[in-house]
Amino acid sequence: MSREEDVARARAVLHALADLSPSAEQRSAGHAIPLEWFRWLPVGAVRLFPPELPLPLAFPFANPLANPLANAAQDERAVAIDRRFGERLAAVDQLRPGQRSLRAGWLFVAGSRDAGGGRRQRIFHPLVTVPVRVQRILGLGASLLPAGDRELTPLITDGEARRRLEDEMQFGGGALESRSAERINWSSLSAVAAVLTALRSGRAARREQLRRLDDDKLTRALPLWVGTLSDIDDLLPSVPALFDLVVLDEASSIDQPLAAPALLRAGRAVIVGDPRQLRHVSFLSEQQLRAATAANGLDEDPALAARLDVRRNSTFDLAVGVVPVVTLDEQFRSDPHLVEFVSRKLYGGELQVARRSPRTEGVDCIQTVRVEGRRDGSGVVVAEVDEIVRQLRVLHRKDAVSVGVVTPFRSQADALEEAVLAAFTADDIEELDLRVGTVHAFQGNERDTVIASLGIGPDDGVRPWRFVEDSHLFTVFATRARKRLVIVHSADPPPGGLMADFLAQADAPPGRPKPADRVGEWPTGIASELESAGLPAMAGYPSGRHVVDVCVGDAWRYFAVECCVHPEGPEAHIDRHLSLSRAGWRFLEAYRTRWGNRRGELIVELHRRVADHR
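Small disclaimer: the values here were computed from a predicted structure and weren't measured.

**Focus: the confidence of the model for the protein**
Piece 1. Scored by pLDDT, the protein has a mean of 77; 66% of the residues are at 70 or more.
Piece 2. Low pLDDT (under 50) marks residues 106–110, which in the prediction has 36 contacts with non-local residues, meaning those over four places away or in another chain.
Piece 3. The low-confidence segment residues 153–158 (pLDDT under 50) makes 13 contacts with residues lying over four places distant or belonging to another chain.

The structure is reproduced here in structure tokens:
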């Protein structure tokens, strides 16, 4: 088979998978917000683009905070709302920062038209919705401000009026003058305008209109795109290699149909994921898969169709089967007590703790709190909810600034969120930088302090424990905290399981690590003589993927003593020095080429240097 035939078949496979991806209309709107939080805003009150600002036509995917003129007039763009409503919205906004739960509609796209006689006439039309954030002014009420990318909505129903508007609307106003003329010109902006037109059509018509954009004008004007995979077909023309590079993150939780639209547009791709974290979930039936393969001419190749096992294999699984894998084996997020168990039990000891040092090795980062609780009829352990609210109050009094609350169960998460909204003001939640959610919602997120509610009562049997101890879910559950993890539980887990073993080591931080293998005679001798001189010392101290020749000192003051050049050469030596320095290590030198047989003098000098840093 020729290369051209291989490429054509690969594209057919991606098109078949893309046909199975959900459209914007089919996607879930996400977590529900109580109806009492929905309000109609008067159209005239929405002034995200006030008339006094000379802004050009605003693109729905542009960052509204990136325009300096918009920044300068942020207050003027606000939409006033009453104080009580603002407090509730601010609390929800803080608890769900990554979910864009708050959105305002009937926002204005601004532009201008030639009114004749050298005059310009500004045009304002409500075409979009936008995620918003709440700005509160103590004692003076609240307002809404834009907080993300805008999305077009089918608000203009008169096709003739829409076409006339597009013909008359012009870009300009000075906001684009700082851009490169090679990228921003009428030709490239016309491609952007064509995308705007396509987005207001139905899915089939939209795809057909986007397909006509068969050159690089769009990416010349807007070369970098960051977004969600489910928006690809709704925003971008289906042009092979539209982008030089596409990066897919969290790929182990991405199914193949969702990834296919992005891969179709990729010249090259980088697939990033962790197969030990949460997996993708696919609800596609065999009938849907067969229909998609037949529509793209793949049903004549049964062997190829059989390999499209989209329900079992994630995008990451597919990638690791055909390309080399680079393993990122250092964990930079957490202290050793929060990583050691997961590394040993779930990563085969291959996950290295980059934050390991004498300061962190003995820190007890895990606390367990047992309460007397049972699940009620709605599946909620109220005693755990009450205890977590109490813990949050304590943290707030201590001025904690990065807190998360996580639970494996949706019903428990909803009850926790409701309790937090009732117990804390929006200011409190913002000060805590608090987020509440399920383990699935927390994948990709982290906090300094995480409080976990297991949400299982003593009478619930083993079934919920099996769910909690699923290795993929447990990996995410146990690794969201950077500094401290508090586990609130009402029942003891079954012995011998992941959770039981994890709780058993909760009060036992790992302490001093085992020395690395094959430590040389020179650093071993230096460590031994430093110990004899009364200084804690260890040769071959592992910290992440690096080995410190000699670690000397305690949790309050410690040093990396460099005794020899890295065995892999100068570049590796410099890399180790810079990495450890970024991690907080200070360095002393004890090269054999300098000190030779004067080891006694060296020990005296090292002792003096350590003492000087008291």
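After that view of the structure, there is still more to cover.
**Some thoughts on helix α15 (residues 410–423)**
Piece 1. With 14 residues, α15 should reach 20 Å at 1.5 Å per residue; the first-to-last C-alpha distance of 20 Å fits that figure.
Piece 2. Every buried residue belonging to α15 is among Q412, A413, A415, L416, E417, V420 and L421, and all of these are buried.

**So, the packing of helix α14 (residues 382–397) against α15**
When two helices pack together, you describe them by how their axes are tilted relative to each other and by the distance separating the axes.
Piece 1. For the pair α14 and α15, interaxial distance at closest approach is 10 Å and the crossing angle is 45 degrees. Judged by the angle between their axes, α14 and α15 are oblique. As α14 runs across α15, the sense of the crossing is right-handed. Residues E384, V385, I388, V389, L392 and R393 of α14 form the contact with α15, whose own contacting residues are Q412, A415, L416, A419, V420 and A423.
Piece 2. Among the residues forming the contact of α14 with α15, the class breakdown is nine nonpolar, one polar and two charged.

**Describing the environment of S411**
Piece 1. Mapping S411 onto the fold places it in helix α15.
Piece 2. Once the C-alpha coordinates of S411 and G455 are considered, the two residues, 44 residues apart in sequence, prove to be 9.0 Å apart.
Piece 3. Not counting the four nearest positions on each side in its chain, S411 is found in contact with S378, G379 and V380.

**A few points about the nonpolar core**
Note on soluble globular proteins: their nonpolar side chains tend to be buried together.
Piece 1. Of all hydrophobic cores here, the largest spans 35 residues; its most connected members are V439, F474, F477, L485, I487, M499 and F502.
Piece 2. Listed by contribution, the elements that provide at least two residues to this core are α13 (340–346), α17 (439–442), β13 (447–453), α18 (463–468), α19 (471–478), β14 (481–489) and α20 (498–504).
Piece 3. Ranked by residues supplied to this core, first place goes to α19 with five residues.
Piece 4. Core analysis: the second largest hydrophobic core is formed by 24 residues, V389, L392, V403 and F424 among them.

**Overview of the pattern of salt bridges**
Piece 1. Counted according to the given criterion, the structure contains 24 salt bridges.
Piece 2. Between D335 and R355 there is a salt bridge, with its nearest N and O atoms 2.8 Å apart. Of this pair, D335 sits in the loop between β8 (330–331) and α13 while R355 is found in the loop between β9 (352–353) and β10 (366–370), placing the two residues 20 residues apart along the sequence.
Piece 3. Overall, the relative accessible area of 6% leaves D335 in the buried class.
Piece 4. For D414, the salt bridge goes to R410, with nearest N and O atoms at 2.9 Å. Pair noted here: D414 and R410 are both in helix α15, with a separation of four residues, about one helical turn.
Piece 5. The class for R410 is partly exposed, based on a relative accessible area of 31%.

**A closer look at the pairing of strand β18 (residues 586–589)**
Piece 1. In this structure, strand β17 (residues 558–562) lies alongside β18, joined through four bridges in parallel fashion. Residue pairing across strands places E562 opposite E589, the latter belonging to β18.
Piece 2. Crossover β17 to β18 through helix α22 (residues 570–582) is right-handed.

Basis of the calculations
- Residues numbered from 1 in each chain as written.
- Predicted model: local features only at pLDDT ≥ 70, side-chain atom pairs only at ≥ 80, totals over all residues.
- Heavy atoms only, no water.
- pLDDT = per-residue confidence, 0-100.
- Contact = heavy atoms within 4.5 Å.
- Helix = DSSP H or I, 4+ residues; strand = E, 2+ residues; numbered from the N terminus.
- Expected span 1.5 Å × (residues − 1).
- Buried < 20%, exposed > 50% of the residue type's maximum accessible area, 1.4 Å probe, protein only.
- Axes fitted to C-alpha atoms, helices over the stretch in contact; angles between N-to-C directions.
- Parallel < 35°, antiparallel > 145°, perpendicular 65-115°, else oblique.
- Left-handed = near helix turned anticlockwise from the far one by under 90°.
- Nonpolar A, V, L, I, M, F, W, Y, C, P; charged D, E, K, R; others polar.
- Core = buried A, V, L, I, M, F, W, Y, C linked by side-chain atoms within 4.5 Å.
- Salt bridge = Lys/Arg side-chain N within 4 Å of Asp/Glu carboxyl O.
- Pairing = 2+ DSSP bridges.
- Right-handed = clockwise from strand over helix to strand, strands pointing away.

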